[in-house]
Amino acid sequence: MTQQPESAPRPPRELELARWAWIATAVLDFARSVWQLADRERLTNEVHRAAPELTQQQLDATVNSGVLFTLLFSLALLVVYVGLSTRMLQGRNWARVVLAVFGGFNVFGTVMTLLALAVFGRGELVRLVGTTIQTSDIGFSVVVMLLNAAALVLMFLPAANRFFPRDD
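About the criteria used
- Numbers given for residues are sequential positions, taken from 1 along each chain in its written order.
- Restriction of local features to residues with pLDDT of at least 70 applies here, the model being predicted, together with a cutoff of 80 or more for giving and counting side-chain atom pairs; totals for whole chains, interfaces and linings are based on all residues.
- Here the side-chain values reflect all heavy atoms present in the structure, with hydrogen atoms and water set aside.
- Nonpolar cores are built from buried Ala, Val, Leu, Ile, Met, Phe, Trp, Tyr and Cys residues. Side-chain atoms within 4.5 Å join them into one set.
- Only protein chains enter the area calculation, which uses a 1.4 Å probe; residues under 20% of their type maximum are buried, those over 50% are exposed, and those in between are partly exposed.
- Runs of H or I in DSSP of at least four residues are treated as helices and runs of E of at least two as strands, each being numbered from the N terminus.
- Note on contacts: a residue pair qualifies if any of its non-hydrogen atoms lie within 4.5 Å across the two residues.
- Every axis in this analysis is a line fitted to C-alpha atoms, fitted for helices over the stretch in contact. Angles between the N-to-C directions lie between 0 and 180 degrees.
- An angle counts as roughly parallel when it lies under 35 degrees, as roughly antiparallel when it exceeds 145, as roughly perpendicular when it falls between 65 and 115, and as oblique in every other case.
- The handedness criterion is simple: a crossing whose near helix is rotated anticlockwise from the far helix by less than a right angle is left-handed, and one whose near helix is rotated clockwise is right-handed.
- When residues are grouped by polarity, Ala, Val, Leu, Ile, Met, Phe, Trp, Tyr, Cys and Pro land in nonpolar, Asp, Glu, Lys and Arg in charged, and all others, Gly among them, in polar.
- Patches here: salt-bridge-free residues with over 30% relative accessible area, like charges joined within 9 Å, nonpolar side chains (Val, Leu, Ile, Met, Phe, Trp, Tyr) joined within 5 Å.
- Note on areas: these come from Shrake-Rupley sampling with a 1.4 Å probe, and a residue is covered only by the protein chains present in the view.
- Salt bridge criterion: a side-chain nitrogen from Lys or Arg within 4 Å of a carboxyl oxygen from Asp or Glu.

## Some words on the nonpolar core
- One finds L15, A18, W22, M88, L99 and M155 to be the most contacted residues of the largest nonpolar core, which totals 20 residues.
- Elements that contribute at least two residues to this core include exactly α1 (13-37), α3 (56-89), α4 (93-129), α5 (135-155) and α6 (158-163).
- Setting aside its immediate chain neighbours within four residues, A18 contacts M88, A151, L154 and M155.

## Considering the packing of α1 against α5
- Interaxial distance between α1 and α5 falls to 8 Å at its minimum, and their mutual angle equals 165 degrees. Relative to α5, the element α1 lies roughly antiparallel. α5 is crossed by α1, and the crossing has left-handed handedness.
- Grouping the amino acids of the contact of α1 with α5 by side-chain chemistry returns 16 nonpolar, 5 polar and 4 charged.

## Details of a nonpolar patch on the surface
- A contiguous nonpolar surface patch, about 430 Å² in accessible area, is contributed by V80, V97, V101, F102 and F105.
- Top element by residues in the nonpolar patch is α4. It accounts for 4 residues.
- Here F105 falls in the exposed class, since its relative accessible area comes to 60%.

What follows is the structure, given as structure tokens:
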């Protein structure tokens, strides 16, 4: 008689929902990057404002390389979030911790940005940071922050905590 290997315990629904929330945040961030990069005129104007000494050829090359770098970075982040959330569902607590750190930074950064907008106003904040802040950027940030906050909560609910092995 052969003994069948013990199957891994099924992750709780909370962790499955958290995984989808993490993936949704990465997909939204990728979509936001594509949305922002589609406005080539705005990108070109921002680079020209920052470096008016560039020739048109240098300006185009700078914008092109920035677009490529941003797309590759956004795609890499998507892959990282999918990988980490998959490892979390496999019971890897280290992946849950890394996701919590990433999510915590996002929530904190977005809250600080919203507070800065409330205190200084959009015009002053644009002057301070040197780039435009569009309403769609704020909307995307708030939605991503809410998804991150939900994923953070879901990952640390009691049922989720019981899923991860204790090292005590």
